[in-house]
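Here are the chains, one letter per residue:
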Amino acid sequence: MNKTTRLINLSEPATNETAQQLRTINPPTYRGSTVLFSNYEDLTLSNAGKYEGISYGTDRLPTQRLFEEAIRDLEGGALTRAFPSGISAITNTLLALTKAGDHILVCDNVYGPTARFCKEVLTHYNIETTFIPPAAGQDIDQLLQDNTRLIFLESPGSNTFEIQDIPAITAISRRRGIVTVLDNTWATPLYLDPFALGIDISIQSATKYITGHSDLLLGTVTTTAEYAEVLQHFYRVTETYTPEDDCYNGLRGLKTLPLRLRQHEQSALEIARWLEAHPRVDQVIHPALPCHPEHHVWKRDFSGSSGLFAFTFKSDYSETQLAEFINHLQLFGIGYSWGGFKSLITAAKYDRLHPSRYAGKTVIRLNIGLEDSADLQEDLSSGFEYLK
Ligand SMILES: Cc1ncc(COP(=O)(O)O)c(C=O)c1O
């Protein structure tokens, strides 16, 4: 046999019998665009769309299916699909559920790229977006149109952490047959149950807490039975491929999610309370603190808080002073994303369409990681010295 042919046939995949004998505690991962059929008859069934097995990489390989089932179970939904990132989960959901001529409502404090997708892509398909106040509730009633098809919420919203009144919104949307979608990445299904509050579709950027190690991107969409067929069909025809290794890491992350989240919550609250008492700090923007304007809504709907929050300073420091403060931090990395083991800091002013409590103010956002919170406080304290 020619060496090339030999090499090609060397690493046969394990037979089912071997796989059953070797029961590693974690699932194997598969790599494959091509998935071999056992015989011509199966190929013929697949050609006719009647094959029951997995026929191709985009048909969702086994580890992806396990990850989706774990998330579906955790969310308490009817169907979950994994996407290669959180933003991919979001944009695909928006495309799956809307059509030309539709109108959608999106909260003003939504993750920036979600808003940008609505403004720069959905408009091409003649789908109009109205941005609703960041702490919207039943007031959305006035913004509904006859062609309003979908409401997209993110609570607490990105960077400024306002909380929407989800039950008030879903009470209206249900009466009008409007689908509601929630980006629930901040609370995870552990600290907020979207379906219990009437939401139809729950999205996670599993890049954050679910995988927890800032080393990959992954997203999930979970629906109620009502929207399961729409998502399933859209996923099938768009042939999304979500890498098996990432799904494996998603599954692994789920094992320690409750422990990690509890630690993120505890450390973030310790630091938030310490900042609240700090003479340089003006507002600490953390939904679990009683000073947060929608704290009562958070307390009613959420069962915990995570490790991402923000604060503002009393003084209006110059860019140079802010740079001195941030560049001198030893433990906080300067970088996007959150939910990982390492503490991170970002700072920006946020333009909103609706009146904002933080207009013109630099909002310092902290992702509190898994370091000792006393060390993180000390680091921030040392950094503040550079603000003189
Ligand atoms: C609230 C929220 N949703 C979605 C995303 C997008 O997730 P990903 O980075 O996995 O695309 C992010 C990313 O920062 C986010 O903060």
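Structural data are supplied above this passage.
Conventions used here
- Residues numbered from 1 in each chain as written.
- Predicted model: local features only at pLDDT ≥ 70, side-chain atom pairs only at ≥ 80, totals over all residues.
- Heavy atoms only, no water.
- Near = heavy atom within 4 Å.
- Polar contact = N/O pair within 3.5 Å; in protein donor to acceptor, adjacent residues only side chain to side chain.
- Areas by Shrake-Rupley, 256 points an atom, 1.4 Å probe, with all protein chains shown as cover.
- Helix = DSSP H or I, 4+ residues; strand = E, 2+ residues; numbered from the N terminus.
- Nonpolar A, V, L, I, M, F, W, Y, C, P; charged D, E, K, R; others polar.
- Pairing = 2+ DSSP bridges.
- Contact = heavy atoms within 4.5 Å.
- Axes fitted to C-alpha atoms, helices over the stretch in contact; angles between N-to-C directions.
- Salt bridge = Lys/Arg side-chain N within 4 Å of Asp/Glu carboxyl O.
- Buried < 20%, exposed > 50% of the residue type's maximum accessible area, 1.4 Å probe, protein only.
- Left-handed = near helix turned anticlockwise from the far one by under 90°.

**Q** An account of the site of the ligand is requested, with residue identities and associated values reported.
**A** Lining the immediate surroundings of the ligand are 13 residues, of which Gly 86, Asp 183, Ser 205, Thr 207 and Lys 208 lie closest. In this structure, Ile 87 approaches the ligand through a main-chain N or O atom, which is 2.9 Å from an oxygen atom. When isolated, the ligand has an accessible area of 390 Å², and the protein chains bury 91% of it. The greatest single-element share of the shell around the ligand, amounting to three residues, is contributed by helix H5 (residues 86–97). A per-class count over the shell around the ligand returns five nonpolar, five polar and three charged.

**Q** Give a detailed account of the sheet that holds strand E11 (residues 344–348), specifying residues and quantitative values.
**A** Two modes of strand pairing occur in sheets, parallel and antiparallel, and in both the strands are linked by backbone hydrogen bonds. Overall, mixed pairing links the five strands, which are arranged E8-E9-E12-E11-E10 in an open sheet. A single partner strand is all that each edge strand has here, and the edge strands are strand E8 (281–285) and strand E10 (333–334). Note: E8 against strand E9 (residues 308–313), three bridges, orientation antiparallel. Opposite Val 281, over in E9, you have Phe 313 as the bridge partner. Together, E8, E9 and strand E12 (363–367) form the strand contacts of helix H10 (residues 244–276), whose direction differs from that of E9 by roughly 10 degrees. Relative to E11, helix H12 (residues 319–327) is tilted by about 175 degrees, and along the sheet it contacts E9, E10, E11 and E12.

**Q** So, the pattern of salt bridges: which residues are in play, and what are the values?
**A** Between side chains of opposite charge, pairing is possible as soon as their charged atoms come close. Taken as a whole and judged by the stated rule, the model has twelve salt bridges. Arg 81 is the salt-bridge partner of Glu 68, the closest N and O atoms lying 3.5 Å from each other. With a gap of 13 residues between them, Glu 68 in helix H4 (residues 62–75) and Arg 81 in strand E1 (residues 79–83) connect regions that are remote in the sequence. Neither Glu 68 nor Arg 81 differs from the other in exposure class; each is buried. A salt bridge links Arg 72 to Glu 69; its shortest N-O distance comes to 2.8 Å. Taken together, the residues span about one helical turn, with Arg 72 and Glu 69 both in helix H4 at a distance of three residues. Residues participating in the shared-partner salt-bridge network are Arg 60, Glu 68 and Arg 81.

**Q** Now, about the sheet that holds strand E7 (residues 219–223): what can you tell me, with residues and values included?
**A** Here we have seven strands laid out as an open sheet, ordered E1-E7-E6-E5-E4-E2-E3, and mixed in their pairing. Two strands lie at the open edges of the sheet, namely E1 and strand E3 (128–132), each paired on one side alone. Averaged over all neighbouring strand pairs, the angle between strand axes comes to 20 degrees, with direction disregarded. When strand E2 (residues 103–107) meets strand E4 (residues 148–154), the two strands line up parallel, connected through four bridges. Looking across to E4, one finds that His 103 is bridged to Thr 148. Contacting E1, strand E6 (201–205) and E7, H4 crosses the sheet at an angle of about 130 degrees to E1.

**Q** Describe the packing of H5 against helix H6 (residues 112–120), naming the residues involved and giving the relevant values.
**A** The interhelical angle for the contact between H5 and H6, taken along N-to-C directions, is 30 degrees, at an axis separation of 10 Å. Crossing hand, H5 versus H6: right-handed. Between H5, through Ile 87, Ile 90, Thr 91, Leu 94 and Leu 95, and H6, the contact on the second element is made entirely by Pro 113, Thr 114, Phe 117 and Cys 118. Its residues assigned to classes, the contact of H5 with H6 comprises seven nonpolar, two polar and no charged.

**Q** Run through unusual backbone geometry, naming residues and quoting values.
**A** Residue Ser 155 is joined to Pro 156 through a cis peptide bond whose omega torsion reads -5 degrees. Its place among the elements puts Pro 156 in the loop between E4 and helix H7 (166–176). Phi at Asn 159 takes a positive value of approximately 70 degrees, unusual for a residue other than glycine. At Phe 161, a residue that is not glycine, the phi angle is positive and equals roughly 60 degrees.

So, to be careful, I would describe these as geometric facts and stop short of saying anything about function.
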